[in-house]
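# A closer look at the structure
One-letter residues, chain by chain:
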Amino acid sequence: EPEVTQTPSHQVTQMGQEVILRCVPISNHLYFYWYRQILGQKVEFLVSFYNNEISEKSEIFDDQFSVERPDGSNFTLKIRSTKLEDSAMYFCASTPRIRNTEAFFGQGTRLTVV
Amino acid sequence: GENVGLHLPTLSVQEGDNSIINCAYSNSASDYFIWYKQESGKGPQFIIDIRSNMDKRQGQRVTVLLNKTVKHLSLQIAATQPGDSAVYFCAENLTGNQFYFGTGTSLTVIP
């Protein structure tokens, strides 16, 4: 069964450093997402991406965040200068169409900022 | 963001019993809902979905009920098994392509 894959599974970084989280969405999907889950809290939407541009973003997704699809398979989330409060699970998801469809989630990357 | 909240943060059931997990949503314009299961250290896993033009949908051992009058969703799991132990989230699709997730209910199945 096709799946969304994320790397690394765990990333530890020092405050102020840049991190790049990587995702390989399901190959025939067209819409890509990043969500965040702070420990013990709900899953929060960060950004959606379609046709090589951001289609929606939340208040969380400020200028420190950026997304990119550098090639035909990868989808990345970059945090330019990490803060302690960026520590969370980051989930990538993809969907075959824009609405009324299941979002397939990856296993997540646990980001720990120290 | 939209308010998608769960009534109970934890639920314990005996193996073999039925489980009911509830969810309230605040926006009557939401037209698509998904229940996700999340096991420890894993990403959300799709269980079942329902569109707003339906009030009930059944899957394998699971049923989702939608009451648009009171903006309430429930997930019923029949004959709950130890493998059902997880956190369950309802997610609401209002506009565009983002989902709003509830806080989650932790289901523990007692053997």
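Everything numeric in this text was worked out from a predicted model, so none of it was measured. (Residues numbered from 1 in each chain as written. Chains lettered and ligands numbered in written order. Predicted model: local features only at pLDDT ≥ 70, side-chain atom pairs only at ≥ 80, totals over all residues. Heavy atoms only, no water.)

### Regarding the overall build of chain B
A tally of regular secondary structure across chain B gives zero helices and eleven strands. Against the 2.2 N^0.38 benchmark of 13 Å for 111 residues, chain B shows a C-alpha radius of gyration of 13 Å, consistent with a compact globule. Seen through its principal axes, chain B has C-alpha atoms that stretch 40 × 30 × 20 Å. Sorting the 111 residues of chain B into buried and exposed places 46% on the buried side. (Helix = DSSP H or I, 4+ residues; strand = E, 2+ residues; numbered from the N terminus. Rg over C-alpha atoms; globule rule 2.2 N^0.38 Å. Buried < 20%, exposed > 50% of the residue type's maximum accessible area, 1.4 Å probe, protein only.)

### As for the nonpolar core
Counting 21 residues, the largest nonpolar core has Trp-34, Leu-46, Phe-61, Val-67, Phe-75, Leu-77 and Tyr-90 of chain A as its most contacted members. Of all the elements in the fold, those that place two or more residues in this core are strand 3 (19-24), strand 4 (31-37), strand 5 (43-50), strand 7 (65-68), strand 8 (75-79), strand 9 (88-95) and strand 11 (109-113) of chain A. Contact partners of Leu-77 of chain A, with chain neighbours within four places excluded, come to Val-19, Ile-20, Leu-21, Trp-34, Leu-46, Phe-61, Phe-65, Ser-66, Val-67 and Tyr-90 of chain A. Residues Tyr-25, Val-62, Leu-75 and Ile-77 of chain B belong to the second largest nonpolar core, which totals 20 residues. (Core = buried A, V, L, I, M, F, W, Y, C linked by side-chain atoms within 4.5 Å. Contact = heavy atoms within 4.5 Å.)

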